[in-house]
Protein chains: 2
Amino acid sequence: MTLTTIREHRCFGGVQGTYTHPSRATGTDMRLSVFVPPQAAEGPVPALIYLSGLTCSDENFTTKAGAQRYAAEHGLIVVAPDTSPRGEGVADDAAYDLGQGAGFYVDAIREPWAPHYKMYSYVADELPELLAGAFPLRAGALGITGHSMGGHGALVIALRNPERFASVSALAPIVAPSHVPWGQKALAAYLGDDPELWRDYDTCELLAGRSFPGTILVDQGEADAFLAEQLQPQRLVDACAAVGQPLDLRMRSGYDHSYYFVATFVGHHVAHHAAALARPGAAE
Amino acid sequence: MTLTTIREHRCFGGVQGTYTHPSRATGTDMRLSVFVPPQAAEGPVPALIYLSGLTCSDENFTTKAGAQRYAAEHGLIVVAPDTSPRGEGVADDAAYDLGQGAGFYVDAIREPWAPHYKMYSYVADELPELLAGAFPLRAGALGITGHSMGGHGALVIALRNPERFASVSALAPIVAPSHVPWGQKALAAYLGDDPELWRDYDTCELLAGRSFPGTILVDQGEADAFLAEQLQPQRLVDACAAVGQPLDLRMRSGYDHSYYFVATFVGHHVAHHAAALARPGAAE
């Protein structure tokens with residue numbers, strides 16, 4: 001697997017790059033943005049994957065969140081993949097919440113999505129391997145986070161792969177896609193109508209049978225327009241309580257669903273992952 | 001003068017808003033983005049105007065620079081106006097470096113630009129008055145900065161209005177527009193071919209006859225693709241030296257002209273203005 005450089009910029013003493021590579025999971029070229037902090041010049045460092053929300057590409061977080069400053073302070077590589085396969089041969093939908101830009105971090109099994117929409121395998125399996133081969137990652141020191149649909153992806157992927165992801169957090173995540181409109185639409189399209197097949201992609205359902213070996217950090221704006229209908233953080237509180245999963249849910253008065261919310265709190269998330277990933281032998 | 005709110009978001013404990021208002025200078029509706037820090041709830045605070053570069057609107061800096069974090073730390077209002085008048089009745093040019101998005105912070109006197117392209121008067125005169133009426137600005141505590149074409153605008157406007165602007169800085173500014181292609185094209189179009197008329201809009205020319213009562217802070221990337229042809233910071237060094245103008249020019253190894261450069265160093269600029277504007281009686 002090889003990365004092709006689209007562009008690189010010096011940023012906070014490190015390098016912010018955008019790359020593309022042929023993906024075996026999606027069968028397409030996938031773009032990703034990677035910040036490598038100055039500490040990586042001294043040796044391998046921990047890394048954090050950030051999964052974006054509906055309509056986003058690798059660019060939104062990279063240009064808008066200001067996470068590079070915190071990553072440079074803590075010495076973390078930060079990786080923002082795209083949210084779906086893209087391109088002319090890739091199925092799409094006119095709606096913003098299905099198809100390109102809305103892969104929902106699942107492996108689709110229904111047509112027309114099945115051939116390329118394998119974002120679960122891409123992020124959970126292919127991306128860690130790709131990153132380890134291309135950047136100075138410290139073995140076992142990989143965390144995952146995300147926003148909205150990407151928060152859903154981060155939680156699901158961490159819960160199902162705790163041996164690979166040593167820390168997890170989320171900003172305004174979709175925690176129970178089986179029970180909310182965004183999730184029901186996407187899961188029905190990508191997986192079909194049988195809700196049994198949705199359980200593997202539903203954080204609250206997954207928590208019924210397993211937990212994560214570390215605290216889950218979640219920030220959620222109280223003025224988020226999607227709070228009551230799509231996000232429903234109380235479901236996560238209940239699911240964590242039922243299995244004794246440590247959860248640090250921080251409700252934020254006045255904050256909405258935008259990148260101004262993400263920018264305000266992403267520093268806490270970078271610090272959370274840096275602390276968790278600094279533990280010797282994390283996730284090994 | 002009244003502002004119409006387009007949107008507001010909570011951000012770093014303050015409010016990031018986008019507004020529009022009818023401008024007497026340009027004769028059009030002008031958009032601007034304003035960050036009001038949490039400290040403004042306690043009473044009037046200093047303010048910093050940031051002028052953007054070619055092709056930008058009020059949005060680029062607001063979404064990409066991450067300045068809100070620093071403004072919230074230091075208690076500064078930060079204001080990003082648009083870079084030109086816009087709209088259907090406003091003259092434009094197909095090139096990126098003339099017309100809409102490229103007002104160059106001059107008062108145009110040539111057709112077809114003269115009716116609306118009055119960005120000098122808009123920023124130097126109308127905007128301070130508008131802001132003082134609409135936001136909790138501390139009297140006399142107004143600074144100005146900018147990037148590229150906006151750095152040119154900030155330096156010119158501060159040098160010509162030291163009674164109104166108590167602090168000035170710039171990121172990768174055009175310091176001698178009379179002598180570089182971007183400036184020569186814009187000044188000829190907006191003002192005509194007589195270089196005598198360009199002097200009032202050329203930082204290095206202005207410095208021949210005056211100085212600014214405070215240090216000018218400038219950051220400049222050494223890997224900036226426009227460094228040699230368009231920016232030429234040595235001209236500013238020489239012009240400042242000739243009149244004893246204090247200049248703190250920081251050449252930054254490896255940095256280019258992008259917002260990754262702006263994001264990396266804007267914190268130093270916010271701190272520079274906060275310190276200068278904290279002096280009791282600044283600019284009064």
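Calculation notes
- Residues numbered from 1 in each chain as written.
- Chains lettered and ligands numbered in written order.
- Predicted model: local features only at pLDDT ≥ 70, side-chain atom pairs only at ≥ 80, totals over all residues.
- Heavy atoms only, no water.
- Helix = DSSP H or I, 4+ residues; strand = E, 2+ residues; numbered from the N terminus.
- Rg over C-alpha atoms; globule rule 2.2 N^0.38 Å.
- Buried < 20%, exposed > 50% of the residue type's maximum accessible area, 1.4 Å probe, protein only.
- Pairing = 2+ DSSP bridges.
- Axes fitted to C-alpha atoms, helices over the stretch in contact; angles between N-to-C directions.
- 1 Å grid on protein atoms, 1.4 Å probe; cavity = no way out; pocket = protein on both sides within 12 Å on 5 of 7 lines; lining within 4 Å.
- Points joined across faces, edges and corners; volume = space filled by probe spheres on them.
- Nonpolar A, V, L, I, M, F, W, Y, C, P; charged D, E, K, R; others polar.
- Bend = angle between axes of the 7 residues up to and from the residue.
- Contact = heavy atoms within 4.5 Å.
- Salt bridge = Lys/Arg side-chain N within 4 Å of Asp/Glu carboxyl O.
- pLDDT = per-residue confidence, 0-100.
- Least-squares fit on C-alpha atoms with pLDDT ≥ 70 in both.
- Core = buried A, V, L, I, M, F, W, Y, C linked by side-chain atoms within 4.5 Å.
- Parallel < 35°, antiparallel > 145°, perpendicular 65-115°, else oblique.
- Left-handed = near helix turned anticlockwise from the far one by under 90°.
- Polar contact = N/O pair within 3.5 Å; in protein donor to acceptor, adjacent residues only side chain to side chain.

**As for the overall build of chain A**
Turning to step 1, where the next piece is worked out: A count of helical and extended segments in chain A gives nine helices and nine strands.
Turning to step 2, where the next piece is worked out: Radius of gyration (C-alpha) of chain A: 17 Å, near the 19 Å computed for a compact globule of 284 residues.
Turning to step 3, where the next piece is worked out: Each principal axis of the C-alpha distribution contributes one length, and for chain A these read about 50 × 45 × 35 Å.
Turning to step 4, where the next piece is worked out: Scored against the burial criterion, the 284 residues of chain A give a buried share of 62%.

**So, the sheet that holds strand β1 (residues 4-11) of chain B**
In a beta sheet, neighbouring strands are held together by backbone hydrogen bonds and run either parallel or antiparallel to one another.
All names here are of chain B.
Turning to step 1, where the next piece is worked out: With mixed pairing, the nine strands of this open sheet are ordered in space as β1-β2-β3-β5-β4-β6-β7-β8-β9. The open sheet has two edge strands, β1 and β9 (247-252), and neither has a second partner. Across the sheet, the axes of successive neighbouring strands diverge by a mean angle of 20°, strand direction being ignored.
Turning to step 2, where the next piece is worked out: As defined by bridge partners, β1 adjoins strand β2 (residues 14-22) across seven bridges and the pair is classed as antiparallel. Among the inter-strand pairings, T4 is bridged to a residue of β2, identified as T20.

**Some thoughts on empty space enclosed by the protein**
Residue and element names in this part refer to chain B.
Turning to step 1, where the next piece is worked out: Applying the stated criterion to the full structure yields two cavities of 30 Å³ or more.
Turning to step 2, where the next piece is worked out: In this structure, the largest cavity encloses a volume near 70 Å³.
Turning to step 3, where the next piece is worked out: As for the largest cavity, its lining consists of Q16, S33, F35, F61, T62, A67, Q68, V78, V79 and A80.
Turning to step 4, where the next piece is worked out: Per-element accounting of the lining of the largest cavity gives the leading share, three residues, to strand β5 (residues 77-81).
Turning to step 5, where the next piece is worked out: Across the lining of the largest cavity, the residue classes break down as six nonpolar, four polar and no charged.

**Points about helix α3 (residues 119-134) of chain B**
Turning to step 1, where the next piece is worked out: Along its length, α3 of chain B shows its largest kink, about 45°, at E126 of chain B, and proline P128 of chain B lies within four residues downstream of that point.
Turning to step 2, where the next piece is worked out: The elements touched by buried residues of α3 of chain B are β2, β3 (29-36), β4 (45-51), β5, β6 (137-146) and α4 (149-160) of chain B.

**Brief notes about the pattern of salt bridges**
Residue and element names in this part refer to chain A.
Turning to step 1, where the next piece is worked out: One pass over the structure, following the stated rule, counts 20 salt bridges over all chains.
Turning to step 2, where the next piece is worked out: A salt bridge links R69 to E73, with the nearest nitrogen and oxygen atoms 3.3 Å apart. Remark: E73 and R69 occur in helix α2 (residues 67-74); sequence separation between them is four residues, near one turn of the helix.
Turning to step 3, where the next piece is worked out: We classify E73 as partly exposed; its relative accessible area is 45%.
Turning to step 4, where the next piece is worked out: Across the pair D125 and R164 runs a salt bridge whose closest N-O atoms are separated by 2.6 Å. One end of the pair, D125, is in helix α3 (residues 119-134); the other, R164, is in the loop between α4 (149-160) and β7 (167-171), and 39 residues separate them in sequence.
Turning to step 5, where the next piece is worked out: If you follow the salt bridges from partner to partner, you end up with R31, D58 and E59 in one network.

**Remarks on the confidence of the model for chain A**
Turning to step 1, where the next piece is worked out: When pLDDT is averaged along chain A, the result is 96, and 98% of the positions lie at 70 or above.
Turning to step 2, where the next piece is worked out: Predicted complex, confidence summary: ipTM 0.93, pTM 0.95.

**Digging into the relation of the copies chain A and chain B**
Turning to step 1, where the next piece is worked out: Expressed as a screw transformation, the operator carrying chain A onto chain B has a rotation angle of 180° and an axial translation of 0.0 Å, and the superposed copies differ by an RMSD of 0.0 Å. Look at the turn and shift together and you get a two-fold axis relating the two. Taking the C-alpha atom as reference, chain A places K64 of chain A closest to the rotation axis, 2.5 Å from it.
Turning to step 2, where the next piece is worked out: The overlap is high: 100% of the interface residues of chain A also sit at the interface in chain B, so the same surface is used on both sides.

**Digging into the sheet that holds strand β4 (residues 45-51) of chain A**
Residues and elements named next belong to chain A.
Turning to step 1, where the next piece is worked out: With mixed pairing, the nine strands of this open sheet are ordered in space as β1-β2-β3-β5-β4-β6-β7-β8-β9. Each edge of the sheet is formed by a strand with only one pairing partner; in this case those strands are β1 (4-11) and β9 (247-252). On average, adjacent strands in this sheet sit at an angle of 20° to one another, irrespective of strand direction.
Turning to step 2, where the next piece is worked out: Most of the contacts of α3 go to strand β3 (residues 29-36), to which it runs at about 50°, and overall it touches β2 (14-22), β3, β4, β5 (77-81) and β6 (137-146).

**Things to note about the nonpolar core**
It is characteristic of soluble globular proteins that their nonpolar side chains tend to be buried jointly.
Turning to step 1, where the next piece is worked out: Judged by nonpolar contacts, the single largest core of 190 residues is most densely connected at I49, I144 and Y190 of chain A together with I49, I144 and Y190 of chain B.
Turning to step 2, where the next piece is worked out: Apart from residues no more than four positions distant in its own chain, I49 of chain B is found in contact with V79, P81, V123, L127, L131, L142, G143, I144, T145 and F165 of chain B.

**Examining the packing of helix α2 (residues 67-74) of chain B against helix α9 (residues 259-278) of chain B**
All names here are of chain B.
Turning to step 1, where the next piece is worked out: Relative to each other, α2 and α9 sit at 25°, their axes nearing to 9 Å. As the angle between them shows, α2 and α9 are arranged roughly parallel. Relative to α9, α2 is oriented so that their crossing is right-handed. Across the interface between the two elements, A67, Y70, A71 and H74 of α2 pack against A263, V266, G267, V270, A271 and A274 of α9.
Turning to step 2, where the next piece is worked out: In terms of residue class, the contact of α2 with α9 is made up of eight nonpolar, two polar and no charged.

**A few points about the packing of α3 of chain B against α4 of chain B**
All names here are of chain B.
Turning to step 1, where the next piece is worked out: One way to put it is that α3 packs onto α4 with a least axis distance of 11 Å and a crossing angle of 55°. Regarding the angle of α3 to α4, the classification is oblique. Judged by the sense of rotation from one axis to the other, the crossing of α3 with α4 is right-handed. Residues Y120, V123 and A124 of α3 form the contact with α4, whose participating residues are V156, I157 and R160.
Turning to step 2, where the next piece is worked out: Broken down by class, the residue content of the contact of α3 with α4 amounts to five nonpolar, no polar and one charged.

**Comments concerning the interface of chain A and chain B**
Interfaces are often sized by the accessible area lost when the parts come together.
Turning to step 1, where the next piece is worked out: Each partner contributes to the interface: chain A provides 23 residues, whereas chain B provides 23 residues.
Turning to step 2, where the next piece is worked out: Remark: the boundary between chain A and chain B carries zero salt bridges.
Turning to step 3, where the next piece is worked out: Inspection of the chain A/chain B interface yields 12 residue pairs in polar contact (both at pLDDT 80 or more).
Turning to step 4, where the next piece is worked out: The set of elements that each furnish at least two residues to the side of chain A that touches chain B consists of β1, α1 (59-64), α2 and α9 (259-277) of chain A.

**A word on the layout of surface pockets**
Residue and element names in this part refer to chain B.
Turning to step 1, where the next piece is worked out: Empty space within the second largest pocket amounts to approximately 170 Å³.
Turning to step 2, where the next piece is worked out: What lines the second largest pocket is a set of 11 residues, and nearest its centre among them are P128, A132, L137, G140 and L142.
Turning to step 3, where the next piece is worked out: Where the lining of the second largest pocket is concerned, the elements lending two or more residues are α3 and β6.
Turning to step 4, where the next piece is worked out: In terms of residue count, the dominant contributor to the lining of the second largest pocket is β6 (six residues).
Turning to step 5, where the next piece is worked out: Of the residues in the lining of the second largest pocket, the class split is seven nonpolar, one polar and three charged.

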